[in-house]
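Spelled out from the first residue to the last, the chains are:
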Amino acid sequence: MFENLGDKLQSIFDSLKGKGKLSEKDVELAMKEIRMALLEADVNYKVVKDFVKDIKERATGQEVMESLTPGQMVIKIVNEELTSLMGEKEVKLNISSKSPTVILMCGLQGAGKTTHCGKLAFHLLKKKKKPLLVACDIYRPAAIKQLQVVSKAVGCDFFEMGDKVSAVDIAKNGIEYARKNGNDYVIIDTAGRLHIDESLMDELVNIKKEVNPDDILLVVDAMTGQDAVNVAEKFNENLEITGVVLTKLDGDTRGGAALSIRKVTNKPIKFIGTGEKMENLEPFYPDRMASRILGMGDVLSLIEKAENVIDAKRAKELEEKIRSQSYSFNDYLEQLEQMKNMGPLEDLLSMIPGVNKNMLKGINIDEKDIARVEAIIRSMTYEEREKPEIIDVSRKKRIAEGSGVSQAKVNTLLKQFRETKKMMKQFTNLEKTAKKRGKMK
Ligand code: GDP
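Keep in mind the model is a prediction, meaning the values are calculated, not measured.

(A) Up close: the overall build of the chain. For the chain, the helix and strand inventory stands at 21 helices and 8 strands. Burial status across the chain gives 35% buried among its 441 residues. A sequence separation of at least 24 residues applies to 74% of the contacts in the chain between residues at least 6 apart.

(B) Geometry of the site of the ligand. Surveying the vicinity of the ligand reveals 19 residues, the closest of which are G112, K113, T114, T115 and G273. The element contributing the most residues to the shell around the ligand is helix α6 (residues 113–126), with 3 residues. The residue inventory of the shell around the ligand, partitioned by class, reads 2 nonpolar, 13 polar and 4 charged.

(C) Geometry of the confidence of the model for the chain. Per-residue pLDDT for the chain has a mean of 86; in total, 87% of the residues score no lower than 70. In the predicted assembly, ipTM is 0.99 and pTM is 0.73.

(D) View of the environment of I188. Along the chain, I188 falls in strand β4 (residues 185–189). Overall, the presence of 26 C-beta atoms within 10 Å leaves I188 in the buried class. Along the backbone, I188 and I170 are 18 residues apart, and their C-alpha atoms lie at a distance of 9.4 Å. Leave out the neighbours within four places in its chain, and I188 touches V102, I103, L104, M105, V134, C136, A171 and G174.

(E) Up close: the nonpolar core. Core analysis: the largest hydrophobic core is formed by 88 residues, its most contacted members being V134 and I187. Broken down by element, this core gets its largest block of residues, 6 residues, from helix α5 (residues 70–85). When residues of this core are assigned to domains, at least three fall in each of domain 1 (3–85) and domain 2 (101–296). Sequence-distant contacts of I187, defined by excluding residues within four places in its chain, comprise I103, M105, C117, L120, A121, P131, L133 and V134. In terms of nonpolar packing, the next biggest core, distinct from the first, is built from 8 residues, I376, I377, I399 and L413 among them.

(F) Fine view of helix α1 (residues 3–17). The end-to-end C-alpha distance of α1, which contains 15 residues, comes to 21 Å, matching closely the 21 Å that a straight helix rising 1.5 Å per residue would cover. Those residues of α1 not exposed but buried are L5, G6, L9, I12 and L16. Along the long axis of α1, the arc covered by the buried residues comes to 130°, so they all point the same way. Within α1, the exposed residues directed more than 90 degrees away from the buried face are S11 and D14.

(G) Broad picture of the UniProt feature "domain: SRP54-type proteins GTP-binding" (unreviewed entry) in the chain. The sites that UniProt annotates as "domain: SRP54-type proteins GTP-binding" (unreviewed entry) are residues 268–281. Each end of residues 268–281 is marked by a C-alpha atom, and these two atoms are 16 Å apart; helix forms 0% of the span and strand 43%.

(H) Up close: unusual backbone geometry. Between S99 and P100 the backbone carries a cis peptide bond, its omega angle lying at -5°. With respect to the secondary-structure elements, P100 resides in the loop between α5 and β1 (101–106). The backbone phi angle of A142 is positive, close to 75°, even though this residue is not glycine. The class for A142 is exposed, based on 10 C-beta atoms found within 10 Å.

(I) Region of interest: the pairing of strand β7 (residues 269–273). The element β7 is extensively covered by neighbouring structure, given that 5 of its 5 residues are classed as buried. Sheet topology note: the strand β6 (residues 243–247)/β7 ladder contains 3 bridges and is parallel. Note that in β7 the partner of V244 across the bridge is I269. Taken together, β6, helix α11 (residues 256–265) and β7 constitute a β-α-β crossover, and its handedness is right-handed. Where β7 and strand β8 (residues 281–283) come together, 3 bridges link them in antiparallel fashion.

(J) Layout of the pairing of β6. The buried count for β6 comes to 5 of 5 residues, which makes it a mostly enclosed element. A two-sided burial pattern is seen for β6, the buried positions comprising G243, V245 and T247 on one face and V244 and L246 on the other. In this structure, strand β5 (residues 215–221) lies alongside β6, joined through 5 bridges in parallel fashion. For L217, the partnering residue across the bridge sits in β6 and is G243. Handedness of the crossover joining β5 and β6 through helix α10 (residues 226–239) is recorded here as right-handed.

(K) Main features of the sheet that holds strand β2 (residues 131–135). The mixed open sheet is built from 8 strands, whose spatial order is β3-β2-β4-β1-β5-β6-β7-β8. Two strands close off the open sheet at either side, each with one partner strand: β3 (157–159) and β8. Sheet twist, expressed as the average angle between the axes of neighbouring strands with direction ignored, equals 25°.

(L) Representation of the environment of F329 in the model. Relative to the helices and strands, F329 is located in helix α15 (residues 329–341). Using a count of 22 C-beta atoms within 10 Å as the deciding quantity, one classes F329 as buried. Expressed as a C-alpha distance, the spacing of F329 and L345, which sit 16 residues apart in the sequence, is 20 Å. Beyond its immediate stretch of four places on either side in the chain, F329 contacts I377, M380, R385, P388 and F417.

Thresholds applied
- Residues numbered from 1 in each chain as written.
- Predicted model: local features only at pLDDT ≥ 70, side-chain atom pairs only at ≥ 80, totals over all residues.
- Helix = DSSP H or I, 4+ residues; strand = E, 2+ residues; numbered from the N terminus.
- Buried ≥ 20, exposed ≤ 12 C-beta atoms within 10 Å, placed from the backbone.
- Contact = placed C-beta atoms within 7 Å.
- Near = placed C-beta within 6 Å.
- Nonpolar A, V, L, I, M, F, W, Y, C, P; charged D, E, K, R; others polar.
- pLDDT = per-residue confidence, 0-100.
- Core = buried A, V, L, I, M, F, W, Y, C linked by C-beta atoms within 7 Å.
- Domains from an automatic or database assignment.
- Expected span 1.5 Å × (residues − 1).
- Arc of directions from axis to C-beta.
- UniProt positions renumbered as here; feature names shortened; annotations may be inferred.
- Pairing = 2+ DSSP bridges.
- Right-handed = clockwise from strand over helix to strand, strands pointing away.
- Axes fitted to C-alpha atoms, helices over the stretch in contact; angles between N-to-C directions.

If you want it as structure tokens, here you go:
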């Protein structure tokens, strides 16, 4: 996401960074380029106008002009303004004082409503909540079935009354059912239309009146750019939404919607959808998104992803193993597994500061290479993984045959592993020396 915009902004910054001092003309030119880049990314033109005006005011201020690193200061300002444009802070789901908390999901057809009902339920299940999905789309054939399939997939409760009862009644009964069934969250899936129409809005307004939801989340498709922003404006006027779920940000979106919605509707983006799977939902953090756009990486999200799959105690044990030189192929295999659970390697790498997609083009990350390494390790016995030094020629031959690779590949892996361990040893030694020095001072 945001590749083009990120690349453009980076090249503008690169030209600024080279300069010792900035003249007003430099800033003027940079602002013009930033303006173009944002418009090309399909950001709402009014938003762009105000945004550039704010940056320009700050960038021509004394603080920047007199700074020794004016280029860096401009980047800092753009980063701060982008963050503020997207809403400054993460806005969490509202919580009702009395159970259950009710979330009404609305949006046009195909935006990803049903999918995101499931993703939200999955998100809540991970937080040890007990959500209930309620099927109120009585118009689209198979919509009820789709929600049922989704609820089965994530393993949460499901409520339906077929398509002969009004959506308002289903919503009311669903909440009643949740109370009896001990569900602390109710997520209501509603009907979408291809375009906004009055009967759709009326139905949603009626549901809202009847069930008084704690959150009214509008699901919009980021790929539709400014249309998404217009849709959000219309829904907000009629329904007073409480937040937005911006979907399909994994696609080739230019990012305009993400950058405009907050400013235009004054409603926060609460979540973003980044894929078709149930786990592809992320809380929206404006600061982290700004850093991602500017190619400054998103280390916090990376750490969070890691925390979801890595047990802290086990991580400490592994660290200890590295220190004591007892790190083995078994540990290596375990870490490979964890890495796979964190998602595609390319996505992870692009969250690291300074890494952008262009750089990744040069590095050919072949997930097949990783699979090959895994196959080789899996062909070793437990003892061989613990003590690779016992792997002699005949064992190598067996391992190569077992994993379907040449013996040379097995040799390479063994050699790399030895070298990695040697490097780890050097690091621990360095660390020890540094600590000793620290103490002597
Ligand atoms: P609804 O009509 O609003 O309920 O939309 P659906 O939930 O049926 O989603 C429409 C299509 O978009 C489906 O094929 C989903 O798999 C897909 N989809 C939903 N969310 C995402 C997302 O975040 N990324 C991608 N790539 N596809 C998504």
